[in-house]
Amino acid sequence: MTTAAAGGADAVPPADKHPSGQSSVPAPRKPTDASAGGPGRSRRSVTGTRRVIAALFLAPALVLLGALVVYPIVYSVYRSFFDQAGTGFAGLDNYKALFTDDTIRTAVKNNAIWVVFAPTVSTVLGLIFAVLTERIRWGTAFKLIVFMPMAISMLAAGIIFRLVYDAAPERGVANAVWVGVHDTFAESAGYPKAHPLPVHPLKADADGSFVTKAPVRAGQPVQLPLVGVAPAKMPTDAKPAKAAAAGAGKITGTAWLDFTRGGGGRPNVIDAKELGLKGIEVEAVKDGKVVASATAAADGTFALPASADGAELRLPASNFKEPYNGVEWLGPTLVTPGIIGSYVWMWAGFAMVLIAAGLAGLPRELLEAARVDGANEWQVFRRITVPMLAPVLAVVLVTLMINVLKIFDLVFIIAPGSSQDDANVLALQLYRSSFGTDADLGIGSAIAVLLLLLVLPVMYFNVRRIRKEGRR
């Protein structure tokens, strides 16, 4: 069979031979300008869309991008080289002020603290929550509760934590818990504002205690009246004061609140409606040394041994010290950690959800193989789970770093005026410099440029990581 027959209808017919020996098959024609996208037709993009049409559709977005992003950035850089009035060229003076002004330096330092601790703590907590909730029955409900603060605005969260950190234990939850724990392990004073009247047989001592004006004798009951305690603040199990009976060879007495509600009481006399100072400590002092001590009963009575004969009775200052009121969470020292705590409360749920999504995509056979090989749960977590979650952890960490660089709302709302300078951050200082009573738009523009320069490396890392992930 010939080659032409084997090729069928699609076979190329043999070329006619030219007398010179060359083939007579005509060479293929070059495309015309119209078919090649020449002047006769508009060029097309890679996707097949005409470039003119694509440009028309992109134009509105490009105009908005230029008006809302590019122009403000360029103008801020330009404005940062001018003085407060905007008429005189200041050169680099505004940028020098960023590193010489104490207020701005505090803002830079606080921003560094924010960038280091807030994203790290939020990511670590999110990782712990995501791993632990895989093993519990109500993991979905727990995730919902932890993620719920993300639905709250920064304004609302700031108001909530301003109340949480209130210094008064009866209003601030943080101090209420702290005071409760403190009072569990440390005895609190019973009568912080109690004091004697001038007619009472007690006098004030230099250390805040109260001492009898004369030595006491065995067999003669001693009266230790005090005032200055609100009846509502008295112990609930305090009983009506009772005069102590004389004891042979002993010092007996009564410590009571010499105040009758509604009036009518007499000083230095135990009236029927007056209550004993339950739990108050009484010491017998001779030559500056405590020779005996006792604690008053619910009715205020107490008894000391014969060694107290001839001593002075003292009510030590520990009975009257001010009660422990907790920690000043919004003071100069703790205001920044306190605000970071509120940020972690909001964003740990965000980190947990992203990490949990990455955790769900891990190949379970690797984890089970490690357990079969004898690895414990900590080793599986540290050597397999965390390394395989590294891309997700990087996403969370970088996102939160960009977020905290522009933190403003929480600091502005939570920090009181007395400690706002101590909690200052760059975004808040930008607002204060640009819109405060003594606004300086040159300084404000310089701060905005500094913030942009701080964000750019983080964004570059993020873009590079995204491109690297896209090439996989």
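The structure this text deals with has already been given above.
Quick look at the structure, then. For clarity, every value in this text was computed on a predicted model and none was experimentally measured.

Where helix 11 (residues 390–405) contacts helix 14 (residues 441–470), the axes come no closer than 10 Å and their chain directions differ by 160°. Between helix 11 and helix 14, the angle falls in the class roughly antiparallel. Crossing hand, helix 11 versus helix 14: left-handed. Between helix 11 and helix 14, the contacting residues are P391, A394, V395, V398, M401, I402 and L405 on the first element and L451, L454, V455, V458, M459, F461, N462, R465 and E469 on the second. Class assignment for the residues of the contact of helix 11 with helix 14 results in 13 nonpolar, 1 polar and 2 charged.

A few words now on a nonpolar patch on the surface. The grouping of L58, L62, L64, L65, L68, V69, V70, I73, V74 and V77 at the surface amounts to a nonpolar patch, some 890 Å² of accessible area in total. In this structure, L65 sits in helix 2 (residues 51–79).

Glancing now at the packing of aromatic side chains. Under the definition given, this model contains 20 aromatic pairs. Geometrically, the ring pair formed by Y71 and Y75 is stacked, given 6.0 Å between the ring centres and 25° between the ring planes. In this pair, Y71 and Y75 both sit in helix 2, 4 residues apart, roughly one turn of the helix. For Y75, a relative accessible area of 41% translates into the label partly exposed. With a centroid separation of 5.7 Å and an interplanar angle of 50°, the aromatic rings of F81 and Y95 are classed as tilted. Placement of the pair is F81 in the loop between helix 2 and helix 3 (93–100) and Y95 in helix 3, with a sequence separation of 14 residues. Overall, F81 belongs to the partly exposed group, its relative accessible area being 25%. On the accessibility criterion, Y95 (18% relative accessible area) is buried. Through pairs of rings, three or more aromatic residues link up here, namely Y71, Y75, Y78, F81, F82, F89 and Y95.

The next point concerns the side chain of N403. By the element assignment, N403 lies in helix 11. Look at N403 and you get buried, because its relative accessible area is 16%.

This part takes up the sheet that holds strand 8 (residues 312–315). Here we have 5 strands laid out as an open sheet, ordered 1-2-8-5-6, and antiparallel in their pairing. What marks the edges here is a single partner per strand, and that holds for strand 1 (202–204) and strand 6 (289–295). Here the average twist between neighbouring strands, direction ignored, is 30°. In the sheet, strand 1 pairs with strand 2 (residues 210–212) via 3 bridges, with the strands oriented antiparallel. By the bridge assignment, A204 is partnered in strand 2 with F210.

We now examine the packing of helix 8 (residues 335–360) against helix 11. Interaxial distance between helix 8 and helix 11 falls to 9 Å at its minimum, and their mutual angle equals 155°. Comparing the axis directions of helix 8 and helix 11 gives the class roughly antiparallel. The element helix 8 and its partner helix 11 pack so that their crossing is right-handed. For the pair helix 8 and helix 11, contact is made by Y343, W347, F350, A351, L354, I355 and G358 and by V392, L393, V396, T399, L400, N403 and V404, respectively.

Compared with the 22 Å implied by 1.5 Å per residue over 16 residues, the 22 Å span of helix 11 between its first and last C-alpha is a close match. L393, V396, V398, L400, N403, V404 and L405 are the residues of helix 11 that are buried. Contacts from the buried residues of helix 11 go to helix 4 (102–132), helix 8, helix 10 (377–388) and helix 14.

Criteria and thresholds
Residues numbered from 1 in each chain as written. Predicted model: local features only at pLDDT ≥ 70, side-chain atom pairs only at ≥ 80, totals over all residues. Heavy atoms only, no water. Axes fitted to C-alpha atoms, helices over the stretch in contact; angles between N-to-C directions. Helix = DSSP H or I, 4+ residues; strand = E, 2+ residues; numbered from the N terminus. Parallel < 35°, antiparallel > 145°, perpendicular 65-115°, else oblique. Left-handed = near helix turned anticlockwise from the far one by under 90°. Contact = heavy atoms within 4.5 Å. Nonpolar A, V, L, I, M, F, W, Y, C, P; charged D, E, K, R; others polar. Patch = residues over 30% accessible without salt bridge, like charges linked within 9 Å, V, L, I, M, F, W, Y side chains within 5 Å. Areas by Shrake-Rupley, 256 points an atom, 1.4 Å probe, with all protein chains shown as cover. Salt bridge = Lys/Arg side-chain N within 4 Å of Asp/Glu carboxyl O. Phe/Tyr/Trp six-rings, centres within 6.5 Å; stacked < 30°, edge-to-face > 60°. Buried < 20%, exposed > 50% of the residue type's maximum accessible area, 1.4 Å probe, protein only. Pairing = 2+ DSSP bridges. Expected span 1.5 Å × (residues − 1).

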